[in-house]
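Commentary on secondary and tertiary structure
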Amino acid sequence: MKTKEQLLHILAQFTLKDKAIAAGAFGNGHINDTLKVINEQGEAKYILQRINHSIFKNVDMLQNNIHAVTTHIRKKLEEKGETDINRKVLTFLPTKDGKLYHFDGDSYWRVCLFIPRSTSYEEVTPEKSYEAGKAFGNFQSMLSDIPEGLLGETIPDFHNMTFRLQQFHDALKADAAGRADKVKNLIDEVEKHAKAMCIQEELYREGKLKKRVNHCDTKVNNILFDEDGKVLCVIDLDTVMPGFVLSDIGDFIRTAANTGAEDDENLDKVGVNMDVFKAYTRGYLETAKFLTTLETAMLPYGGRLLTYMQTVRFLTDYINGDTYYKIRHPEHNLVRTKAQFKLLQSLEEHAEEMDAFLTQCEK
Ligand code: ADP
Ligand code: GN1
Ligand code: MG
C-alpha cells in the first residue's frame, strides 16, 4: 500500500473542496482498494479508490460507464424533484485536468464524495431487505432508457454462466496450484448442476430473454442506508452493464438471504432466510415493472444461479492458486466455495416454497 504522503499527493490531483489530511482503509470489498478520506475537522469527506486494473482492463470504459450512469440517475432524480441528491447518487470528482481518474504510473485512482450519515450492512432485517428490493428495482428502472450502446461490458461475459464454466474447465486442465485432486467432490457437484444453470444463455439465443442494464453486483453491502433504515443510494457501480435481469435479484439473495456469512466456516449456520427473500422479492416487484412474465417466474432461479456462479468462481480461483479475489488465508477461497455450495443446497430445498410465494405475490 502507499504511504500517507503518496496518498495525499494522489488526492491533490483531484478537484477537492476540502483539504484532505488522511486516508484509511474502508469496507469489505474483494476487488478494489477503498479508502475513507478525512478533512482537517476530522470529518469523512471523500472515498478514494484504487481500481483493480488487472480485473478492469479498460479503465476509460469503466469510468465512462460510471459517469454515464451517475449523470443519467442524477437527471432522473432532478426531474422527480428529489432533494438531497448528493446523498442519493454517487458524485465522482474530476481531476484538475478534467479527467475521470488519475494514473500515478502504476495504479488508477478515482474519488467520489463520501455520503454522510450512511451505513452499509453485511446482514439485513426483512424491513431493510424490502427497502433494498425497491431500490434495486428502481435502479434498473431508472437505467432502462439509457441509450443502447452507451455502456460497455467492463468485464466481458461477467455473468455468462457458460463462460464461467469454461474458465472453470480451463483451470482444471491447468491445475496450476495442484489443488484439483483435493476438491474432487466439489468439482463433481459443479458438473452435476452445469446444464441446468446455463438456461439463460439458451433462452437468450432463442429470443425469449432480452438483455437489460443491470448492476451486476447487488451484494447487500453495495447499498447505503440512512439513519431510518431507508435506502439512500446504490453504490459500487463498476459492473453496471448490459446482461440478464436475474443478476440483480440473485446476488442480493446470495448475500442478504443467507443466515451465515459468504465465507462461513460453520456450514450449519449457512442457509436461506426466507423472510429476507420474501421481503426483497415484494420490494423488487413493486418497482421492477419492466419484468416479463418469464423473468418474473425465474426470480427464485436467479438466487440459485448467482449462488452457483459464485461457487464456481470461488472454486476456480482456488484451483488457479488465488489469483482473483483478495484472500485472508490460504484456504479462504475453498471455505467460501463450501459455504456458497451449502447455500445453494438450501436454496434448492426451498425452491417450491419460493415459487409458491411468487405466485401468491402476483395475485
Ligand atoms: P468494493 O469494490 O471494494 O466493494 P465499494 O464501492 O463497494 O468498494 O465500497 C466499499 C464500502 O465502502 C461500501 O460497502 C460502503 O460501506 C463504503 N462506501 C463506498 N462508497 C461510499 C460513499 N460514497 N459514501 C459512504 N460510504 C461509502
Ligand atoms: C466481488 O467488489 P465486490 O467485493 O463487491 C466481485 C463480485 C462477486 C463478489 C463475491 C468485479 O465483488 O462479482 O460476486 O466479489 N466483483 C468482481 O463476494 O468480480
Ligand atoms: Mg462493494
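If you're wondering where the values come from, they're calculated on a predicted model, not measured in any experiment.

Once that is clear, we can look at the pairing of strand 2 (residues 33-39). When strand 1 (residues 20-25) meets strand 2, the two strands line up antiparallel, connected through 5 bridges. Of the residues in strand 2, the one forming a bridge with Ala22 is Ile38. Bridge count for strand 2 against strand 3 (residues 44-51) is 6 bridges, and the pairing is antiparallel. Looking at the pairing, Lys36 lines up with Ile47 of strand 3. With antiparallel pairing between neighbouring strands as the criterion, strand 2 and strand 3 make up a hairpin whose turn holds 4 residues, including Gly42 at a positive phi of roughly 80 degrees.

Surrounding the magnesium ion (ligand 3) are the protein donor atoms Asn222 (OD1) and Asp236 (OD), which sit 2.2 Å from the metal. Remark: Asp236 occurs in the loop between strand 8 (231-234) and strand 9 (241-243) and Asn222 occurs in the loop between strand 6 (212-214) and strand 7 (223-225); sequence separation between them is 14 residues.

Next up on the list: the site of ligand 1. The immediate surroundings of ligand 1 are formed by 19 residues, with Ile115, Ser120, Asn221, Asn222 and Asp236 found nearest. Contact distances for ligand 1 include 3.3 Å between an oxygen atom and a side-chain N or O atom of Thr34. In the model, an oxygen atom of ligand 1 is placed 2.8 Å from a nitrogen or oxygen of the Asn221 main chain. Burial of ligand 1 by the protein chains amounts to 92% of its free accessible area of 560 Å². Broken down by secondary-structure element, the contributors of at least two residues to the shell around ligand 1 are strand 3 and strand 5 (108-113).

With that out of the way, let us pick up the pairing of strand 5. The buried fraction of strand 5 is high, at 5 of 6 residues. Relative to strand 5, strand 3 is paired through 6 bridges, and the arrangement is antiparallel. Across the sheet, Tyr46 pairs through a bridge with Leu113, a residue of strand 5. The sheet contact formed by strand 4 (residues 102-103) and strand 5 spans 2 bridges and is antiparallel. Residue pairing across strands places Phe103 opposite Tyr108, the latter belonging to strand 5.

Looking at the protein chain, the domain boundaries give domain 1 (4-110) and domain 2 (126-362). Computed over C-alpha atoms, the centres of domain 1 and domain 2 are 26 Å apart. On the side of domain 2, 28 residues touch domain 1, which itself brings 24 residues to the contact. Of the roughly 2400 Å² buried where domain 1 meets domain 2, counting both sides, 63% is carbon and sulfur surface. By the criterion of area lost to domain 2, the three top residues of domain 1 are His30, Asn65 and Arg87, representing 26% of everything that side buries. At the junction of domain 1 with domain 2, the criterion picks out 4 salt bridges. Viewed at the interface, domain 2 and domain 1 are joined by 11 residue pairs in polar contact (both at pLDDT 80 or more). With 11 residues, the top contributor of residues to the side of domain 1 that touches domain 2 is helix 2 (residues 59-79). For the side of domain 1 that touches domain 2, a count of residues per class yields 12 nonpolar, 7 polar and 5 charged.

Definitions and limits used
- Residues numbered from 1 in each chain as written.
- Chains lettered and ligands numbered in written order.
- Predicted model: local features only at pLDDT ≥ 70, side-chain atom pairs only at ≥ 80, totals over all residues.
- Heavy atoms only, no water.
- Pairing = 2+ DSSP bridges.
- Helix = DSSP H or I, 4+ residues; strand = E, 2+ residues; numbered from the N terminus.
- Donors = N, O, S within 2.8 Å, 3.2 Å for Na, K, Ca; no water.
- Near = heavy atom within 4 Å.
- Polar contact = N/O pair within 3.5 Å; in protein donor to acceptor, adjacent residues only side chain to side chain.
- Areas by Shrake-Rupley, 256 points an atom, 1.4 Å probe, with all protein chains shown as cover.
- Buried < 20%, exposed > 50% of the residue type's maximum accessible area, 1.4 Å probe, protein only.
- Domains from an automatic or database assignment.
- Contact = heavy atoms within 4.5 Å.
- Buried area = accessible area lost by both parts, 1.4 Å probe.
- Salt bridge = Lys/Arg side-chain N within 4 Å of Asp/Glu carboxyl O.
- Nonpolar A, V, L, I, M, F, W, Y, C, P; charged D, E, K, R; others polar.

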